[in-house]
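Residues per chain are reported as follows:
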Amino acid sequence: MSKPESSADCIFCKIIAGEIPAEIVHSDESTLSFRDLNPQAPTHVLVIPRTHHENAAELGSRDPAGLAAVIAAGAAVAEQEGLSHGYRLVFNTGAGAGQTVFHAHLHVLGGRSLQWPPG
Ligand code: 5GP
Ligand code: ZN
């Protein structure tokens, strides 16, 4: 059985529907990008697919072009935000890795030096 296009309880589906406000920085036919409410770097933007998938792996297996569109939007956001020095793209996947919203989302982080390995 295929997954629903959106989930009634999903906060990111509500942002796509315009039911919850967000500071949108980029938009195209398959993605929406907006500033994280609790930024972890001077630039911290979330890129989400317009359709509901629980995480990046599920998005990639069900809709490979959708995953590619999310990454392309992340690169466009990084350029728009002037992150020419470098930036980090992160998909937290699963609660044990810090995922708290179960609608696939790409974190675009930059504007400060980023340590490796991450915490
Ligand atoms: P995760 O921890 O699942 O990888 O990332 C979820 C991110 O969503 C967190 O960084 C959190 O600050 C952000 N977030 C949660 N709720 C909202 C919201 O309503 N609006 C915005 N802009 N960001 C949110
Ligand atoms: Zn959703």
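Just so we're clear, the structure is a prediction, and the values are computed from it rather than from any experiment.

Analysis parameters
Residues numbered from 1 in each chain as written. Chains lettered and ligands numbered in written order. Predicted model: local features only at pLDDT ≥ 70, side-chain atom pairs only at ≥ 80, totals over all residues. Heavy atoms only, no water. Phe/Tyr/Trp six-rings, centres within 6.5 Å; stacked < 30°, edge-to-face > 60°. Helix = DSSP H or I, 4+ residues; strand = E, 2+ residues; numbered from the N terminus. Buried < 20%, exposed > 50% of the residue type's maximum accessible area, 1.4 Å probe, protein only. Near = heavy atom within 4 Å. Polar contact = N/O pair within 3.5 Å; in protein donor to acceptor, adjacent residues only side chain to side chain. Areas by Shrake-Rupley, 256 points an atom, 1.4 Å probe, with all protein chains shown as cover. 1 Å grid on protein atoms, 1.4 Å probe; cavity = no way out; pocket = protein on both sides within 12 Å on 5 of 7 lines; lining within 4 Å. Sits in = over half its atoms within 2 Å of the grid points. Donors = N, O, S within 2.8 Å, 3.2 Å for Na, K, Ca; no water. Tetrahedral: all angles 85-135°; square planar, octahedral: opposite > 155°, others 65-115°.

Participant: With reference to specific residues and values, describe the packing of aromatic side chains.
Facilitator: Under the criterion given, the structure shown has one aromatic pair. Geometrically, the ring pair formed by Phe12 and Phe34 is edge-to-face, given 5.5 Å between the ring centres and 75 degrees between the ring planes. With Phe12 in helix 1 (residues 11-16) and Phe34 in strand 2 (residues 31-35), the pair connects residues that are 22 residues apart, well separated along the chain. Take Phe34: its relative accessible area is 3%, and that puts it in the buried class.

Participant: Can you break down the site of ligand 1 residue by residue, with the values?
Facilitator: What surrounds ligand 1 is a group of 16 residues, the closest being Arg35, Asp36, Gly98, Thr100 and His107. Between ligand 1 and Leu37 there is a distance of 3.3 Å, counted from a nitrogen atom to a backbone nitrogen or oxygen. Here an oxygen atom of ligand 1 sits 2.7 Å away from a polar atom, N or O, in the main chain of Gly98. Here ligand 1 loses 85% of its free accessible area of 520 Å² to cover by the protein chains. When atom positions are compared with the pocket grids, ligand 1 is found to occupy the largest pocket. Elements that contribute at least two residues to the shell around ligand 1 include exactly helix 1 and strand 2. Counting residues per element, the shell around ligand 1 draws most heavily on helix 1, which supplies three residues.

Participant: Give a detailed account of the coordination of the zinc ion (ligand 2), specifying residues and quantitative values.
Facilitator: Around the zinc ion (ligand 2), the protein contributes the donor atoms Cys10 (SG), Cys13 (SG), His52 (ND1) and His103 (ND1), at 2.0 to 2.3 Å from the metal centre. Viewed at the metal, the four donor atoms of the zinc ion (ligand 2) are separated by angles of 106 to 116 degrees, and the geometry they form is tetrahedral. Within one chain, the residues donating to the zinc ion (ligand 2) are spaced in sequence as C-x2-C-x38-H-x50-H. One end of the pair, Cys10, is in the segment before helix 1; the other, His52, is in the loop between strand 3 (43-49) and helix 2 (56-62), and 42 residues separate them in sequence. On the basis of relative accessible area, Cys10 is assigned to the buried category, the value being 7%. On the basis of relative accessible area, His52 is assigned to the buried category, the value being 11%.

Function cannot be read off these values alone, since they describe shape.
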